[in-house]
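# Analysis of the macromolecular model
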Amino acid sequence: MIAADWHIDEGGGPTLHVSGDWTSLALGDAEGRLGAQAARSLVVQRLDLSALGRIDAAGALLLLRSMAPDADIDFGEREDLQRLIDLVRPALESDTAGKAGVTGVLGFFERFGRQVIGIADDAYQMLVFTGQLIVALGRTLGDPRRLRMTPLVAFMQDAGINGLPIVFIMTFFIGAVIALVGTNLLTTLGVEVFTIQLVGVAILREFGVVITAILLSGRSASSFAAQIGSMRMNQETDAMQVMGVDRFDALVIPRILAALLMMPLMTFCADIGGLAGGLLVSWVTIDISPVFFIQRTLETVDIKHFWIGMCKAPFLALIIAAAGCRHGLMVGGDVQSLGQNVTSAVVQSIFMVIMFDAIFAVIFMALDL
């Protein structure tokens, strides 16, 4: 092990020439000496690594801190150094951004600007992920042997079958509440029988699919993000990449297809639960028999409302599963990043569900459906 050493050539722009091993054990007093050099306001514009021995992340971070952000680095034929510098540089940039905070009114506008840039960057990353997902789905459709059936079936059970009881119970109470409110309102008008149409249209067209999508966001989007994120933290995804395993084929496609296949089933179960809740409340409050409720529902509630709700299910499932997988792949190497991305996956998927449901409502209204 050779101790880390350096000297600066001030001719033609300050150049830092390093030698020896720049590892945690060999740095010695190099950090203090570089700090004293920085106190002289001498900004290094070029970094010469031709005589460098071994180096680790601690040495790379020290070198980056000792020179100007736009300094020229001479890597020579050491491609490993370039990869290490590229790996360490984001940590330095985030550290610098955190220390350069401004308070007061300027600080507010700075934070606002950073939020706008962050939203734009997130939108760009979403487009990149969407393109990669479309390519991966196209490869799977072109060669079905790429599809991994074991994880697909496991995710179908976890995201769909295991969620049917809670979906049924939630929409049961939603249907009961709609019937109760409709009964109280319509009884004053003497047309309480129209409670049946109110429950049927509201559940089949909107509440069945929306409540299912929100529950899927809370259960599956968070689960997908946490599962993939923990694999990122343990560097399992890096190991898969080294072994030549495509991350989209192994991690994303089975989850996307599981959500696409199970969302219609969950929506159908939600419709049954909502109608059952409305039936029970109508029977108890205004003495409408179950037979009459079912018969009038079949006669007065158009089947198009059922199909409108069902046609939204696969699209919302795709949004939810994609949000969970994308944020899982964005997880860094710490627990804080995992928690932030799991939360972001749930919030973003619920927001997208509400937004696209409103868009669908406008489209169907324009089509007079």
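You'll find the structure just up there.
Because the structure is predicted, anything quoted here is derived from the model rather than measured. (Residues numbered from 1 in each chain as written. Predicted model: local features only at pLDDT ≥ 70, side-chain atom pairs only at ≥ 80, totals over all residues. Heavy atoms only, no water.)

### Some remarks on the packing of helix α5 (residues 149-159) against helix α7 (residues 195-233)
Interhelical geometry of α5 versus α7 gives an angle of 140 degrees and a closest axis separation of 10 Å. If you check the angle between α5 and α7, you find them oblique. Residues F155, D158 and A159 of α5 touch α7, and the partners they reach there are L216, R219, S220, S223, F224 and Q227. In the contact of α5 with α7, the residues fall into four nonpolar, three polar and two charged. (Axes fitted to C-alpha atoms, helices over the stretch in contact; angles between N-to-C directions. Helix = DSSP H or I, 4+ residues; strand = E, 2+ residues; numbered from the N terminus. Parallel < 35°, antiparallel > 145°, perpendicular 65-115°, else oblique. Contact = heavy atoms within 4.5 Å. Nonpolar A, V, L, I, M, F, W, Y, C, P; charged D, E, K, R; others polar.)

### Here's the deal with the pairing of strand β1 (residues 5-9)
In β1, alternate side chains face the same way, and those of W6 and I8 are buried while those of D5, H7 and D9 on the opposite face are not. As defined by bridge partners, β1 adjoins strand β2 (residues 15-22) across five bridges and the pair is classed as antiparallel. Pairing of I8 across the sheet is with L16, part of β2. (Buried < 20%, exposed > 50% of the residue type's maximum accessible area, 1.4 Å probe, protein only. Pairing = 2+ DSSP bridges.)

### Quick notes on unusual backbone geometry
At Q235, a position not held by glycine, the phi torsion is positive, near 65 degrees. Position of Q235 among the secondary structure elements: in the loop between α7 and α8 (236-242). Even without being a glycine, D368 presents a positive backbone phi close to 60 degrees. Tracing the sequence through the fold places D368 in the segment after α12 (335-366).

### Comments concerning the pattern of salt bridges
Across all of its chains, the model carries eight salt bridges by this definition. Two residues, R326 and D122, come together in a salt bridge whose shortest N-O distance is 3.2 Å. Here R326 is found in helix α11 (residues 303-329), whereas its partner D122 is found in helix α4 (residues 104-142), with 204 residues between them in sequence. A residue is classified by how much of its surface remains accessible, and R326, at 5% relative accessible area, is buried. Look at the salt bridges and you will find they share partners, linking R139, R146, D246 and D249 into a network. (Salt bridge = Lys/Arg side-chain N within 4 Å of Asp/Glu carboxyl O.)

### Some words on a nonpolar patch on the surface
Residues F351, M355, I359, I363, L367 and L369 make up a contiguous nonpolar surface patch of about 540 Å² in total accessible area. Within the secondary structure layout, I359 lies in helix α12. Accessibility expressed as a relative area gives 37% for I359, which makes it partly exposed. (Patch = residues over 30% accessible without salt bridge, like charges linked within 9 Å, V, L, I, M, F, W, Y side chains within 5 Å. Areas by Shrake-Rupley, 256 points an atom, 1.4 Å probe, with all protein chains shown as cover.)

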